Every structure is written in structure tokens, then in C-alpha cells.
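A look at the structure
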Amino acid sequence: MNERDWVLEADEYLRKKYVEFVASRDDCSAELPEYSPPLALWEAKYFMLGLEKSLFDVDQEKSYVQTDILRNATKKNGKQQKTIQLIWNKSGKEKVGLFREGVCQMATASYLSIHHNWDVSEIEIEPANGVDILLKENQNTIVCCEVKSNKKEFDTLILGFKYCCERGDHKRDECKYEKDHPKFAMCYELQPKYFHAVSPEEKQCFELGYADGKIQLHPIDKLPTKAEYLRKHSA
């Protein structure tokens, strides 16, 4: 059987959502503006599989993601709002376009569930001011995962996270990587076993150690699946 054209399918889905979003507006282009970076194969595949397996859905009227994985989403008329909106006015600008990071967030959550076999109840998206996704086992946080929309932001995240971990406990207003400091702060507080960084183009995983107020980073090839994690950490 030929592999499905996942990128084409996901792109067509997002363009359809754009048309639905702007249907009642007269100040937007008729087609979704070009977005960057283009969808990665893994990202498009797990975005579509997440939809098909009902891990999440997207509201037709305003493009808000609907899913049990969003723990703290506000609701209006029974629908989740104010958290992940795939078609939006970025920072109050007139131009309506694709929330590129949101697509990667949902693809990452689906990947963790479908490919890595974490249960939906163990995955939390947008849990608090810190990282984008938490993985929990018996209510203990074992993975902090941060998603970036492109490689430039990904590289800045890794640089800042390494800086903060090497420096150790310090406040955000004392940090030269203020934007990404909350990722370190959440890891410092929750002490997960792994930090997983994702963008459409690249992934990086660290196994974490804690001593003397600092976080030790040990790069590993990939984030363990749930079965791999349990084999390694079961008593």
C-alpha cells in the first residue's frame, strides 16, 4: 500500500479551517496565507492521525482546539477557547493566518500518544506558565516538553536552557534568556527525568540530573517510549 501524502492532507485540512474561519469576514484573503516552515512529514502525519483517532478536534467557527489533553482551557458554550487557536490574528495584527506552533503542539501530543504509547490521561498541554506539554506517570511529572514553531526559535531555546541549567537557580529578571527562562524554572521546580524540545525540523532530548542547585544535562538520542521508560525506571 502506498504511503498517504500526509503533508498534502494536513495542508488541505488547515486551508479548509482557514476558509471556515474567515467565512463571515470581509477583511481577509480568500486563501490561507503561506506559512513557514512548511509542514514536516512526521508533523503532518501525527496531526492527521490525532484528528482521526479523536485525540483532538478543531472548532469549525473559531478554530479552537478541542481536546481532553488541554487541562486548563477556558470554555464558552461548552467549547474550549483561549488556549490553542489554529487560525488567528497574531498579536492583534490585522492579518489572519496559521498559528504555526499550535500545529506542531498537537502533532507532538499525538506523537507521544500514538507512537510512544502514553495515555491521554498522562499528557497535559499548556499546563501552566512554563512548558507546552507535561508527561506524567502516577501524577509525577517525568517529561517537560517545549514546542517551537521553527528552527531559529528551537536553537535559541536550547541555548537558553543550557545557560540556565549551568548557571543554576536564578530569577527570570536576572537571566539573559528571559523569554525561555520559565522552561528552566519549571524543570527546576518539578524535577522531571527528561526535557524534550521539538520543532517541525528538529528534536532534542536531555536526561536530567539535579545537584547543588543546578540541572545536569545528558543528551540522549530520543525520548524513551512509555515501555522503555518503565523498563528503565521500574523498581
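Residues numbered from 1 in each chain as written. Predicted model: local features only at pLDDT ≥ 70, side-chain atom pairs only at ≥ 80, totals over all residues. Heavy atoms only, no water.

1. Some thoughts on the packing of aromatic side chains
- Inspection of every chain in the model, using the stated rule, returns nine aromatic pairs.
- Ring geometry for W88 against F99: centres 4.5 Å apart, planes inclined by 45°, an arrangement best described as tilted. Taken together, the residues span a long stretch of sequence, with W88 in strand β5 (residues 87–89) and F99 in the loop between β6 (96–98) and α3 (100–114) at a distance of 11 residues.
- Residue classification places W88 among the partly exposed positions, given a relative accessible area of 24%.
- Each member of the aromatic cluster is reached from another via a ring pair, and the members are Y13, F47 and F56.
- Taking the ring centre of W42 as reference, the NZ or CZ of K203 above it sits at 4.0 Å. (Phe/Tyr/Trp six-rings, centres within 6.5 Å; stacked < 30°, edge-to-face > 60°. Helix = DSSP H or I, 4+ residues; strand = E, 2+ residues; numbered from the N terminus. Buried < 20%, exposed > 50% of the residue type's maximum accessible area, 1.4 Å probe, protein only. Lys NZ or Arg CZ within 6 Å of the ring centre and 35° of its normal.)

2. Regarding the environment of Y163
- Of note, Y163 is situated in helix α4 (residues 151–167).
- Considering only alpha carbons, one finds Y163 and K176, 13 residues apart in sequence, at a separation of 9.0 Å.
- Other than its neighbours up to four places away in sequence, Y163 contacts H170, C175, K176 and Y177. (Contact = heavy atoms within 4.5 Å.)

3. What about unusual backbone geometry?
- Following S36, the chain continues to P37 via a peptide bond in cis, the omega torsion being -5°.
- Note that P37 resides in the loop between α1 (6–22) and α2 (41–52).
- Backbone geometry places S54, a non-glycine residue, at a positive phi of 60°.
- Looking at the element boundaries, S54 is found in the loop between α2 and β1 (57–58).
- Given the relative accessible area of 62%, S54 is considered exposed.
- Positive phi values are uncommon outside glycine, yet S63 reaches one of about 65°.

4. Structural notes on the side chain of K136
- Checked against the element boundaries, K136 lands in strand β8 (residues 133–137).
- Overall, the relative accessible area of 19% leaves K136 in the buried class.
- Of note is the side chain of K136, whose polar atom sits 3.4 Å from the side chain of E124.
- If we ignore the near neighbours within four places in the chain, the residues touching K136 are W118, E122, E124, T141 and I142. (Polar contact = N/O pair within 3.5 Å; in protein donor to acceptor, adjacent residues only side chain to side chain.)

5. Observations concerning the pairing of β8
- Counting buried positions over the five residues of β8 gives five, a clear majority of the element.
- On β8, burial covers both faces: I133, L135 and E137 on one face and L134 and K136 on the other are all buried.
- The pairing of strand β7 (residues 123–125) with β8 spans three bridges and is classified as antiparallel. Its bridge partner lying in β8, I125 is registered against I133.
- In this sheet, strand β9 (residues 140–147) lies alongside β8 in antiparallel orientation, the contact comprising five bridges. What sits directly across from L134, in β9, is C144.
- Here β8 hands over to β9 after two residues, with N138 in that stretch at a positive phi of 55°. (Pairing = 2+ DSSP bridges.)

6. A closer look at the state of the cysteines
- Inspection of every chain in the model, using the stated rule, returns zero disulfides.
- Here C165 is not disulfide-linked; the sulfur of C187 is the nearest cysteine sulfur, at 6.8 Å.
- Look at C165 and you get buried, because its relative accessible area is 1%.
- C164 provides the cysteine sulfur closest to C175, a residue in no disulfide bond, and the two sulfurs are 3.5 Å apart.
- Its relative accessible area of 8% is what places C175 among the buried residues. (Disulfide = S-S within 2.5 Å.)

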